[in-house]
Amino acid sequence: MGILVRGEPLSWEETKALSDYIKEHGVNQFINLMRTMKQRKYEGLKWGDEIEYLLFKFDHQKKRVYLHRKTQEYLERLGKHNCNFEMPVTFVEEYGSFQIESTPNKPFLDDFEELNNVIRDMRHRRKELMLLMDKDTETVLTLTNFPRLGCPDFCWPPAKPSPHGNVSQSIFFPDECINPHPRFPNLTRNIRQRRGKKVEINVPIFKDKNTPDPFIEFPDIPAAKPDHVYMDAMGFGMGCCCIQMTFQACNLDEAKVLYDQLAVVTPIVMALSAAAPIYRGYLCDVDCRWDVISAAVDDRTDEEIKKPRKEQGALLALLNNKLLSTL
């Protein structure tokens, strides 16, 4: 998804008024692109990675670790510093004001020798980012989720939630922790306004002999389920980090085969790489961020929630008919 460079995104009310126009022209644009591109062939597979980093600040005297809301400063300094990079790389905004995303400046190709460049490129990106930091009090980590995200005083500089504000209205996640780029606060606001209420994220608590039974944290909040850790902001999902892989296949048929093959492998890789068992300071009975992200961006109304959800979740079908015929 491209980042907005100029202009301001529309509010939900403005978008709603244009929804029929957007649907009609969006479908027509997709059909025209498919007709134009479906026969196009490229020379070979191109691929790359996107790594998301969390920024941290240490207070050694108090023995505390905070998410460091310093994304904009680092990006400005990285932009000025870019001409001195040993290798061309790209750093961009992410949802949190404590996150940065990095990518190679150009894609890798379908050559085994390229595999030798991947780790080298990743190390170089981290090195360039670390050069800007105070070695004693700052660092960057590729951590899936900060365990104290949403706890009191989890960020630096300190910020308080704004339950009656005009963006997330979270009781846990301050709006200052959202990247100020217009895309992110507006997306947060629009999801809330389309739903007619805040997002509702409930993750099952991990129970041991010391866990209250039932575990009820917020008896006065109907959205908070018993025996679950409750979260109420998009930032709990988008504030997580990961490594993403992007592929450009040679043609449409190859893309469909690649999609189907990756869809089979993905659950295994997800289980092997699961690294997010703690939310809002509580140990949970999950170890993967998938359901948290899904709920964090769920813009459906109560009426729509009653219907099956198709755009996220379990794969409903394979795409390549030739592959299906060989099974």
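Residues numbered from 1 in each chain as written. Predicted model: local features only at pLDDT ≥ 70, side-chain atom pairs only at ≥ 80, totals over all residues. Heavy atoms only, no water.

1. Side note on the overall build of the protein chain
Part 1 of the reasoning: The secondary structure content of the protein chain amounts to ten helices and twelve strands.
Part 2 of the reasoning: A compact globule built from 327 residues would reach a C-alpha radius of gyration of about 20 Å, and the protein chain, at 22 Å, matches this within 12%.
Part 3 of the reasoning: Every one of the 327 residues in the protein chain was classed for burial, and the buried ones make up 36%.
Part 4 of the reasoning: If you take every contact in the protein chain between residues at least 6 apart in sequence, the share linking residues at least 24 apart comes to 70%.
Part 5 of the reasoning: For the protein chain, the accessible area works out to roughly 20,000 Å², and carbon and sulfur atoms hold 56% of it.
Part 6 of the reasoning: Of the charged side chains in the protein chain, 44 are positive and 47 negative, and the gap between their average positions amounts to 1 Å. (Helix = DSSP H or I, 4+ residues; strand = E, 2+ residues; numbered from the N terminus. Rg over C-alpha atoms; globule rule 2.2 N^0.38 Å. Buried < 20%, exposed > 50% of the residue type's maximum accessible area, 1.4 Å probe, protein only. Contact = heavy atoms within 4.5 Å. Areas by Shrake-Rupley, 256 points an atom, 1.4 Å probe, with all protein chains shown as cover. Lys, Arg positive; Asp, Glu negative; His and termini not counted. Charge placed at Lys NZ, Arg CZ, Asp CG, Glu CD.)

2. Section: the nonpolar core
Where a protein is soluble and globular, its nonpolar side chains tend to be buried together.
Part 1 of the reasoning: Residues Leu67, Leu149, Phe154, Phe173, Ile201 and Phe236 are the most contacted members of the largest nonpolar core, which totals 38 residues.
Part 2 of the reasoning: Of all the elements in the fold, those that place two or more residues in this core are strand 1 (46–59), helix 5 (183–195), strand 8 (201–204), strand 9 (228–231) and helix 8 (290–296).
Part 3 of the reasoning: When neighbours within four sequence positions are excluded, phenylalanine 154 is seen to be in contact with Tyr66, Leu67, Phe146, Arg148, Leu149, Phe172, Phe173, Pro174 and Cys177.
Part 4 of the reasoning: Within the second largest apolar cluster, 17 residues are counted, among which are Trp47, Leu75, Val118 and Leu132. (Core = buried A, V, L, I, M, F, W, Y, C linked by side-chain atoms within 4.5 Å.)

3. Some thoughts on empty space enclosed by the protein
Part 1 of the reasoning: Tallying each qualifying case throughout the model produces one cavity of 30 Å³ or more.
Part 2 of the reasoning: Roughly 60 Å³ of volume is contained in the largest cavity.
Part 3 of the reasoning: Ser168, Thr188, Ile191, Arg192, Lys198, Val199, Asp232, Ala233 and Met234 together form the lining of the largest cavity.
Part 4 of the reasoning: Classifying every residue of the lining of the largest cavity by side-chain character gives four nonpolar, two polar and three charged. (1 Å grid on protein atoms, 1.4 Å probe; cavity = no way out; pocket = protein on both sides within 12 Å on 5 of 7 lines; lining within 4 Å. Points joined across faces, edges and corners; volume = space filled by probe spheres on them. Nonpolar A, V, L, I, M, F, W, Y, C, P; charged D, E, K, R; others polar.)

4. Digging into the packing of aromatic side chains
Part 1 of the reasoning: Applying the stated criterion across every chain, the model contains eleven aromatic pairs.
Part 2 of the reasoning: Both rings, one in phenylalanine 215 and one in tyrosine 282, keep their centres 5.3 Å apart while their planes meet at 75°; by these two values the pair is edge-to-face. With a gap of 67 residues between them, phenylalanine 215 in the loop between strand 8 and strand 9 and tyrosine 282 in strand 12 (residues 282–283) connect regions that are remote in the sequence.
Part 3 of the reasoning: On the accessibility criterion, tyrosine 282 (27% relative accessible area) is partly exposed.
Part 4 of the reasoning: Its guanidinium or amino end placed over the ring of phenylalanine 172, arginine 280 lies 4.2 Å from that ring's centre, counting from NZ or CZ. (Phe/Tyr/Trp six-rings, centres within 6.5 Å; stacked < 30°, edge-to-face > 60°. Lys NZ or Arg CZ within 6 Å of the ring centre and 35° of its normal.)

5. What about the pairing of strand 1?
Taken residue by residue, a regular strand's side chains alternate between the two faces of the sheet.
Part 1 of the reasoning: With twelve of 14 residues buried, strand 1 is to be regarded as a mostly interior element.
Part 2 of the reasoning: Of the pairings in the sheet, the one linking strand 1 to strand 5 (residues 108–109) comprises two bridges and is antiparallel in character. By the bridge assignment for strand 5, tryptophan 47 is matched with phenylalanine 108.
Part 3 of the reasoning: As paired strands, strand 1 and strand 10 (residues 243–248) are joined by six bridges and run antiparallel to one another. Residue pairing in the sheet places isoleucine 51 in a bridge with isoleucine 243 of strand 10.
Part 4 of the reasoning: Inspection of the sheet shows strand 1 paired to strand 4 (residues 99–104) by four bridges, in the antiparallel sense. Within the sheet, the bridge partner assigned to tyrosine 53 lies in strand 4 and is isoleucine 100. (Pairing = 2+ DSSP bridges.)

6. Section: the pattern of salt bridges
Part 1 of the reasoning: Under the criterion given, the structure shown has 17 salt bridges.
Part 2 of the reasoning: Here aspartate 153 ties to lysine 160 by a salt bridge, and the two come within 3.2 Å at their closest N and O atoms.
Part 3 of the reasoning: Owing to a relative accessible area of 38%, aspartate 153 belongs among the partly exposed residues under this scheme.
Part 4 of the reasoning: Look at lysine 160 and you get exposed, because its relative accessible area is 56%.
Part 5 of the reasoning: The shortest N-O distance in the salt bridge between lysine 207 and aspartate 227 comes to 2.9 Å. Here lysine 207 is found in the loop between strand 8 and strand 9, whereas its partner aspartate 227 is found in the loop between strand 8 and strand 9, with 20 residues between them in sequence.
Part 6 of the reasoning: Residue classification places lysine 207 among the partly exposed residues on the basis of a relative accessible area of 35%. (Salt bridge = Lys/Arg side-chain N within 4 Å of Asp/Glu carboxyl O.)

Read these as spatial facts, not as claims about activity.
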